[in-house]
Amino acid sequence: MAEGGSSIDTTRESSVDSEVVKLKVKQKDCELTVTQTELSWTIRDQKKNGTFSVRCRDLVAVKTKEDVKNKDSTVLTVVYVKQRKDFVLKRCEESFSGSNGVCLAVAKTLQDGINQCADRPKRLLVLINPISGFSRGEKNYKNICAPIFEEAGIQTDVIVTQSAGHTIETITGYNLQTINGIIFVSGDGMYHTLLNALFKRMAIESGKDLNDPNYEPPELTVSVGHIPCGSGNRIAFGANGCFDVATAVYAIVLGFKTKNNIFSVYSGNEFIAYAFVLVSGIWSDLLTLSEGRRSMGQIRIPLSTIQQFLIKSQRVADLTLKFKAAEKCSGRNETALERFLRDDRYTRNTKKEASESNTQGSATLRVVRGPFVALVDLDVMVSSLVDTFHTPNYKPISDASQLVIHKPCSKWEMLKTVWNMALNKSQFADEPPEHALSLFVNEFSVQVNNPNDAESYLGRLERTLSIDGEMFTLKEPEFTARYYPGKVPIFCNIPGVTGRVG
């Protein structure tokens, strides 16, 4: 408990069960109704009455202490969160005073309600990247995160990582049965490292071969949570609708969860990595430039963007794209292909074949060949990053990823595309620009035709694939990606999960 509070002895006091009790709030009479799902109170005032309520699922802590003004009275303080329109969760508290027996009984009922939320974590492993972003991870954790976890009564095992290898070493040897979640205080890069360490550990423990393209990873047995303190914080935004650090912590405390999707990536029948976003072409060229300037911090990204799109010439590659999709997405994909393939530089063919993936049986294989400059594949639709929070009852397509490929176009058009994707424009999925082909797929492969020598500058770029922002050099200029939905349970603040209205 936080300083000034005390643990509630639930063995000595009886609980209040949907009962109205009379207490005081700021010296005003108050009628408080408490159940194991909701707390509500009405303040009686000469001028006007006011009624307030909070769900037990939104309670962070319940604290009691002796009333210094009256030894026969107890002060009961409830700490809870309220959601603002921008999906930021703000800490609120209300203090009540009354007889010792009543206040302790109310406290027990509320604490029972909190304890009955099985999804709320009791103990967490916290991994902090001390150099991510502006090296603010440790400071933010100490000043913002740790006090919230302490007030909520959550135990934490905090490890400040020294490198990606340190993260992998920690996950490989940690007793995961002793925790309810793994929290990473960093950017998206640690998410990539963490997931690959967890999935590889599960494969090894179950005797599975990662290089087997038919191996489908099981769902993680431990939940993860992202506290955004890096240069890129897309995972936190996708889970919470904002980049606020405290909101991410409260989402973890309250225990609401969604499930993220992943890809498995192979090249030359060799497993490369698990991923949530794949990038190649002009996008990976941009990230290669940016990675070379990592010491510059976040300023490296706009500088590299200017150089890539305004100074460098476009690198065009002759690609063969093969993809399969769920039947429900075939109509939309066909419409997109018909529009895109009006350009006679591109060819296509279609045939029915058995899928190599366990995620689908018979599927239609579509093949497109032509000149392309960029490719990006996301584990969710671009639109869902916005619509999940702003559109009531929105249900994103969960059995397909969004693949966007670009044919040669003007630098201005590419810059506009970068801007719209950076802003998560919801219309991008349904109304992509003329030079972009947007498909919903659950398996695809890309091969560079007539590749340059592997030791040449262009040859190295053709074999470079960005996976979650990490740069991988492939042995051959080809790769295959398979999509697996719902494999990563993650703490979230999504309205459709929490039941709150944005």
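Basis of the calculations
- Residues numbered from 1 in each chain as written.
- Predicted model: local features only at pLDDT ≥ 70, side-chain atom pairs only at ≥ 80, totals over all residues.
- Heavy atoms only, no water.
- Buried < 20%, exposed > 50% of the residue type's maximum accessible area, 1.4 Å probe, protein only.
- Helix = DSSP H or I, 4+ residues; strand = E, 2+ residues; numbered from the N terminus.
- Pairing = 2+ DSSP bridges.
- Axes fitted to C-alpha atoms, helices over the stretch in contact; angles between N-to-C directions.
- Patch = residues over 30% accessible without salt bridge, like charges linked within 9 Å, V, L, I, M, F, W, Y side chains within 5 Å.
- Areas by Shrake-Rupley, 256 points an atom, 1.4 Å probe, with all protein chains shown as cover.
- Salt bridge = Lys/Arg side-chain N within 4 Å of Asp/Glu carboxyl O.
- Core = buried A, V, L, I, M, F, W, Y, C linked by side-chain atoms within 4.5 Å.
- Contact = heavy atoms within 4.5 Å.
- Disulfide = S-S within 2.5 Å.
- pLDDT = per-residue confidence, 0-100.

Chemist: I would appreciate a short explanation of the pairing of strand E6 (residues 73-83) in the present structure.
Modeler: Within a regular strand, the side chains alternate between the two sheet faces. Across the 11 residues of E6, 10 count as buried, placing the element largely inside the fold. Pairing geometry for strand E5 (residues 59-66) and E6, over seven bridges, is antiparallel. Bridge pairing in E6 links Ala61 to Val79. The antiparallel pairing of E5 with E6 creates a hairpin that spans six residues between the two strands. Across 11 bridges, the pairing between E6 and strand E7 (residues 89-99) is antiparallel. Along E7, the bridge assignment pairs Ser73 with Ser99.

Chemist: How do you make sense of the sheet that holds strand E19 (residues 401-406) when you look at a structure like this?
Modeler: In a beta sheet, neighbouring strands pair by backbone hydrogen bonds and run either parallel or antiparallel. With antiparallel pairing, six strands are arranged side by side in an open sheet as E20-E19-E18-E14-E22-E23. Each edge of the open sheet is held by one strand with a lone partner, namely strand E20 (436-441) and strand E23 (470-473). Each neighbouring strand pair of the sheet contributes to a mean axis angle of 20°, computed without reference to strand direction. Where E19 meets E20, six bridges bridge the pair, whose relative direction is antiparallel. Along E20, the bridge assignment pairs Ser401 with Val441.

Chemist: Explain a nonpolar patch on the surface to me, please; I cannot follow it from the model alone.
Modeler: A contiguous nonpolar surface patch, about 250 Å² in accessible area, is contributed by Met296, Ile299 and Leu303. Inspection of the secondary structure puts Met296 in the loop between helix H7 (282-291) and helix H8 (300-311). By relative accessible area, Met296 is classed as partly exposed at 38%.

Chemist: Explain the nonpolar core to me, please; I cannot follow it from the model alone.
Modeler: What tends to happen in soluble globular proteins is that the nonpolar side chains get buried as a cluster. Counting residues in each nonpolar core, the largest one holds 51 residues, and the members touching the most others are Ile182 and Leu198. Tallying contributions element by element places helix H4 (residues 188-205) first for this core, with nine residues. Sequence-distant contacts of Ile182, that is, excluding residues within four places in its chain, are made with Leu125, Leu127, Ile171, Leu176, Leu194, Leu198, Val222, Ser223, Val224 and Gly225. Counting residues in each nonpolar core, the second largest holds 32 residues, with Ala317, Phe444, Leu465 and Tyr483 among its members.

Chemist: Help me understand the state of the cysteines in this model?
Modeler: Two cysteines joined by a covalent bond between their sulfur atoms form a disulfide. Following the criterion strictly, the structure yields zero disulfides and no others. Free cysteine Cys117: the closest other cysteine sulfur is in Cys56, separated by 7.4 Å. The class of Cys117 is buried, set by a relative accessible area of 10%. No disulfide involves Cys145; its sulfur sits 6.1 Å from the nearest other cysteine sulfur, which is in Cys229. Residue Cys145 is classed as buried on the basis of its relative accessible area of 0%.

Chemist: Can you help me understand the confidence of the model for the protein in this one?
Modeler: Low-pLDDT stretches of the model should not have their predicted coordinates read in fine detail. Within the protein, residue pLDDT values average 85, and 88% of them lie at 70 or more. Residue range residues 1-16 is modelled with pLDDT below 50. Its contacts to residues more than four positions away, or to other chains, number 33 contacts. Scored below 50 in pLDDT, residues 353-361 shows 27 contacts in the model against residues more than four places distant or in partner chains.

Chemist: Would you mind showing me how to read the pattern of salt bridges here?
Modeler: Side chains that carry opposite charge are capable of pairing whenever their charged atoms lie near each other. On inspection of all chains with the given rule, the structure shows 20 salt bridges. Between Glu151 and Lys63 there is a salt bridge, and its shortest N-O distance comes to 3.1 Å. Of this pair, Glu151 sits in helix H2 (residues 137-151) while Lys63 sits in strand E5, placing them 88 residues apart in sequence. Lys63 shares its class with Glu151; the two are buried. Where Arg91 meets Glu93, a salt bridge forms, and the shortest distance between an N and an O atom there is 2.9 Å. For Glu93, a relative accessible area of 41% gives the class partly exposed. Taken together, the shared-partner salt bridges connect Lys63, Arg91, Glu93 and Glu151 into one network.

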